[in-house]
Amino acid sequence: MKTLQILLCLCLLATACEKEISIDLGTTSPRLVVEGNVLAGIDTVINVQTLRLTATAPYTGTAMPAPVINATVSVLEGSTIHPYTHRGSGLYQSTFVAQPGKTYTLRIAHQGDTYQASETIQTGPPIQSLGIKYFPSALGSPEGDFIVVNTTDPAEDRNFYFWRLFINGTLMINPSPGNIYRALQKDEFFNGQPLTNYLPYDNFRVIKGDRAVMEQYSISEAMYNYHYALFNLTASSPVSGDVPPGNIRGNVINLSNRQRDALGFFGACSVSIKTKKV
């Protein structure tokens, strides 16, 4: 009888915990999203600067972010104004060669609001060489040959890095939840030292005949913090599960209405680009 009473209590507890909750997510007007950088080539001449503007889509539904095609965009370099032209699908471009150490200010006029962001191009080291190195399988990463980076961190500055890898013309994006933190680094533990056979991406093997391109960005601390927060937000763990959603503050402010700052980040970086034929 006592056992039966315990079972009945457990059943009541289980059913009492079940309750359907309706959440009204509400609707908000679209927010401007800014993606892009002003780039200064370290070992490559870069004379076309590119930005992409989109508008956020509702949380519910299947609509994709819409391109913003009617904005007025410019970048200020001291007293020089570089106007941007819309090329289609929310892509804006301007032709000028940026310089390390200079500050670039983005200005956007869109739907009666004025947006602004400023970044200073950091001076960074070049990629000295790319290598191919075999790594065994570890922590879910496949075994095989991978592209590694060789560079030397300058001792006189705090440096922050971001790497992008292209294989046969395709940007490599981590297919699993979360991001690869090795692609984003600060020189806290290797200041002034060579970075030898560094592996930014351990998910993407190369095989004979592949053509790999590695881009090494020297970024600001603010840009590093933004991407680190973004990586944290999109990460997941088999132990802790998914990270709760949240807002990530970028650097593009709305001068007309601070309650409607843009999303995304406007960067100004120096970049070294190297190619490796496997």
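Cut-off values and rules
- Residues numbered from 1 in each chain as written.
- Predicted model: local features only at pLDDT ≥ 70, side-chain atom pairs only at ≥ 80, totals over all residues.
- Heavy atoms only, no water.
- Helix = DSSP H or I, 4+ residues; strand = E, 2+ residues; numbered from the N terminus.
- Pairing = 2+ DSSP bridges.
- Axes fitted to C-alpha atoms, helices over the stretch in contact; angles between N-to-C directions.

1. Topic: the environment of Gly-88
- Looking at where Gly-88 falls in the secondary structure, it is placed in strand 6 (residues 85-88).
- The spacing of Gly-88 and Pro-67 is 21 residues in sequence and 8.5 Å in space, taken between C-alpha atoms.

2. A look at the pairing of strand 2 (residues 48-55)
- Both strand 1 (residues 32-41) and strand 2 contribute to a ladder of six bridges, which runs antiparallel. Its bridge partner being in strand 2, Glu-35 is matched across the sheet by Arg-52.
- Of the pairings in the sheet, the one linking strand 2 to strand 7 (residues 91-95) comprises five bridges and is antiparallel in character. From the neighbouring strand, Arg-52 faces strand 7, where its bridge partner is Leu-91.
- For strand 2 and strand 3 (residues 66-67), the ladder comprises two bridges, and the chain directions are antiparallel. Paired with Ala-55 across the strands is Ala-66, a residue of strand 3.

3. Some thoughts on the sheet that holds strand 15 (residues 194-198)
- Reading across the sheet, the three strands line up as 10-11-15 and stay open at both edges, with antiparallel pairing between neighbours. Either end of the sheet is taken by a strand with one partner, and the two such strands are strand 10 (129-135) and strand 15. If you compare each strand with its neighbour and ignore which way they point, the axes differ by 25 degrees on average.
- As judged from the seven bridges shared by strand 10 and strand 11 (residues 144-152), these two strands associate in the antiparallel manner. Directly across from Ile-132, in strand 11, lies its bridge partner Ile-147.

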